[in-house]
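What follows is the residue order along each chain.
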Amino acid sequence: MSRTLRIAIVGAGPAGTYAADIVTSSELPAGYDGIAVDVFDADPTPFGLIRYGVAPDHPRIKEIVKALNRVMSKPEISFHGNLRIGRDVSIDELRAHYDAIVMATGARKDADLNIPGVELEGSFGAADFVSWYDAHPDAPQEWEFRPEATSVAVLGMGNVALDVARVLAKTAEEMLVTEIPDHVHEGLAANPAVDVHVFGRRGPAQAKFSPMELRELAHSPNVDVIVHPEGFEFDEGSEEYVRQNKSQRLVVNVLTTYLAKDPKPDAACRIHLHFGAAPTEILGEDGRVTGLRTEVSELDGTGNARGTGEFVDWEVGAVYRAIGYKSDPIEGLPFDFGRNVIPNDGGRVLDESGEAVPGAYVTGWVKRGPIGLIGHTKSDAQQTITHLLEDLAARGVESADGIESADGTDGFEGLRPLLDERGITTTDWDGWVALDEHERTLGETDAHPRERVKVATREEMVRVAAGALTH
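Residues numbered from 1 in each chain as written. Predicted model: local features only at pLDDT ≥ 70, side-chain atom pairs only at ≥ 80, totals over all residues. Heavy atoms only, no water.

Undergrad: Tell me what's going on with the sheet that holds strand E1 (residues 3–10), and back it up with residues and numbers.
TA: Here 8 strands make up an open sheet; going across it, the order is E16-E17-E18-E4-E1-E2-E3-E19 and the pairing mixed. Each of the sheet's edge strands pairs with one partner strand only, and the pair in question is strand E16 (344–345) and strand E19 (427–428). Sheet topology places E16 next to strand E17 (residues 348–350); 2 bridges connect them, and they run antiparallel. In the strand pairing of E17, asparagine 344 is matched with valine 349. Of the strands in this sheet, E1, strand E2 (32–40) and strand E3 (77–81) are in contact with helix H1 (residues 14–24), which crosses E2 at around 175°. (Pairing = 2+ DSSP bridges. Helix = DSSP H or I, 4+ residues; strand = E, 2+ residues; numbered from the N terminus. Contact = heavy atoms within 4.5 Å. Axes fitted to C-alpha atoms, helices over the stretch in contact; angles between N-to-C directions.)

Undergrad: Explain the sheet that holds strand E10 (residues 269–274) residue by residue, including any values.
TA: Sheet strands line up and pair through hydrogen bonds in the backbone, either parallel or antiparallel. An order of E6-E14-E7-E8-E10-E9 is seen for the 6 strands of this open sheet, with the pairing classed as parallel. Each of the sheet's edge strands pairs with one partner strand only, and the pair in question is strand E6 (123–125) and strand E9 (223–227). Here the strands of the sheet are splayed against their neighbours by 20° on average, with no regard to which way each runs. Bridge count between E9 and E10: 5 bridges; the pairing is parallel.

Undergrad: Explain the packing of aromatic side chains residue by residue, including any values.
TA: Two aromatic rings are characterised by how far apart their centres lie and by the angle between their planes. If you walk through the whole model with that rule in mind, you get 19 aromatic pairs. Pairing phenylalanine 47 with tryptophan 429 gives two aromatic rings, centres 6.3 Å apart and planes at 90°, and the pair type is edge-to-face. Here the residue phenylalanine 47 occupies a position in the loop between E2 and helix H2 (48–52), and tryptophan 429 occupies one in helix H14 (residues 429–445), the gap between them amounting to 382 residues. The exposure class assigned to phenylalanine 47 is buried, which follows from its relative accessible area of 2%. Geometrically, the ring pair formed by phenylalanine 129 and phenylalanine 145 is edge-to-face, given 6.3 Å between the ring centres and 85° between the ring planes. (Phe/Tyr/Trp six-rings, centres within 6.5 Å; stacked < 30°, edge-to-face > 60°. Buried < 20%, exposed > 50% of the residue type's maximum accessible area, 1.4 Å probe, protein only.)

Undergrad: So what's going on with the packing of helix H5 (residues 126–133) against helix H6 (residues 159–169)? Residues and values would help.
TA: In the contact formed by H5 and H6, the axes pass within 11 Å of each other and the chain directions differ by 55°. Between H5 and H6, the angle falls in the class oblique. H6 is crossed by H5, and the crossing has left-handed handedness. The residues of H6 that touch H5, namely those facing Ala126, Phe129, Val130 and Tyr133, are Val160, Asp163, Val164, Val167 and Leu168. Here the contact of H5 with H6 is composed, by residue class, of 8 nonpolar, no polar and 1 charged. (Parallel < 35°, antiparallel > 145°, perpendicular 65-115°, else oblique. Left-handed = near helix turned anticlockwise from the far one by under 90°. Nonpolar A, V, L, I, M, F, W, Y, C, P; charged D, E, K, R; others polar.)

Undergrad: Provide a residue-level description of unusual backbone geometry, including the pertinent values.
TA: Despite not being glycine, asparagine 82 shows a phi value in the positive range, around 65°. Along the polypeptide, asparagine 82 turns up in the loop between E3 and helix H4 (91–95). Phi at asparagine 340 takes a positive value of approximately 55°, unusual for a residue other than glycine. For asparagine 340, the position within the fold is in the loop between strand E15 (325–326) and E16.

Undergrad: Please give an account of the pattern of salt bridges that cites residues and values.
TA: One pass over the full model with this rule turns up 36 salt bridges. The salt bridge partner of aspartate 99 is arginine 3, with a shortest N-O separation of 2.8 Å. Pair noted here: aspartate 99 is in the loop between H4 and strand E4 (100–103) and arginine 3 is in strand E1, with a separation of 96 residues, a long-range link. Judged by its relative accessible area of 3%, aspartate 99 is buried. Across the pair arginine 395 and aspartate 99 runs a salt bridge, and its minimum N-O distance is 3.8 Å. (Salt bridge = Lys/Arg side-chain N within 4 Å of Asp/Glu carboxyl O.)

Undergrad: If you had to explain the nonpolar core to someone new, which residues and values would you point to?
TA: Counting residues in hydrophobic clusters, the biggest one holds 50 residues, and the most contacted among them are Phe129, Val154, Val196, Leu214 and Tyr320. Residues within four places of tyrosine 320 in sequence aside, it is in contact with Phe124, Phe129, Trp143, Phe145, Val152, Ala153, Val154, Leu155, Val164 and Leu168. Ile22, Val39, Met72 and Val455 belong to the second-largest nonpolar core, a separate cluster that totals 40 residues. (Core = buried A, V, L, I, M, F, W, Y, C linked by side-chain atoms within 4.5 Å.)

Undergrad: Which residues make up the side chain of aspartate 195, and what values go with them?
TA: Looking at the secondary structure, you find aspartate 195 in strand E8 (residues 195–199). A polar contact of 2.7 Å, which involves the side chain of aspartate 195, links it to the side chain of histidine 272. Aside from chain neighbours lying at most four places away, what touches aspartate 195 is Thr150, Ser151, Val152, Cys269, Arg270 and His272. (Polar contact = N/O pair within 3.5 Å; in protein donor to acceptor, adjacent residues only side chain to side chain.)

Undergrad: Describe the environment of lysine 261, with residues and values.
TA: Its location among the elements puts lysine 261 in the loop between helix H10 (246–260) and E10. For lysine 261, a relative accessible area of 30% corresponds to the partly exposed category. Setting aside anything within four residues of it in sequence, one finds lysine 261 in contact with Asp224 and Val225. Of the polar contacts made by the side chain of lysine 261, one reaches the side chain of aspartate 224; its length is 2.5 Å.

Undergrad: So what's going on with the pairing of E10? Residues and values would help.
TA: Burial analysis of E10 places 5 of its 6 residues in the buried class, the great majority of the element. In terms of strand pairing, E8 meets E10 through 5 bridges, oriented parallel. Residue pairing in the sheet places histidine 197 in a bridge with histidine 272 of E10.

Here you go:
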């Protein structure tokens, strides 16, 4: 007898959404006459790092939300937010009601930086700062900008480092055209920084910026971008990489333009890009950041860098570490703490013995680490879903475990009694639509009209969504 194939996807960012799109667009294995996909997220809202990881002054990048919206609006797909899988509902409880689960929880924590002084007050993870200015519901409402921190350091040479540097350099008034709520605007207005120093240990050929992000640094009339000549070097490996990589050639061209240009004397803030400067220690007094020590590095001919034993101390009042993200382990699933991913083979979750965990899959950054762009995320999801469907076809519909429970309920309906018993209120897609409309109305009626103003607290999000809730 045929029945509905039920898939749970944990994580409503691009990785989870693409997985939902692919599986609902694929040919079903024999024995299934339809498909229902439930997409879960710990946030009350969908879209993951697109909503809470992209800087608010980059609405162009958020255009991807339109494509994700179309996917999540499919009738076969349901969204369930404000539910922490692995905490509110265990993995085993989830698996009991689905033919397969796909973990797409991404990477939201800051990667570790093992240098002295990283624990000092005023040493911040970029992920925490991004969560604050993107008004994540679990982020604090206040950010400490020390009055004496007129000069700050940003560690890293990727797009997150550029976002952090740009937000620190812009005036609060410039950010009022974006979706930031009042508490973020008020916090940015207290930011005293006039010099933002961005450090990378290698050269310009190894910078991980995208060309457009790099060009946008200079779009503000209040910001000057200064590339320092020290460390602006190329070895044979760097030159070969630039020759073969069009995007990196564009990055180098933009950096070279910045290097050659005249300074902007009336700029309110300066962003300094330093190459060949490897952070070795965050300096402090009385438990607070007072400086940064870097080691001068040189390229070794292959594009990698080595230390020279020469050190430079920089007087800064805060350090923002933008060296990458890492994923959180999920209770009930294996985790590789060395690579900070769920161990897997092509998306099939592997247990400690290296055997595939039946019905458990993974995609996105929690599968492969926080690298790659949207194109990688799509191909990643395709690989995982291909293996999931192959396994279902090989397993056969009759041998599926945990489906068609005694009272005839399965999928999200099977979870409802647990949620009711535990007093957990979830948000759904209609609730998100209501919240989206509410934020847009806030933007229209604000003293500074704009596309939207974000609701910043979890309680308020759930309250606004409540009128459309089905649970």
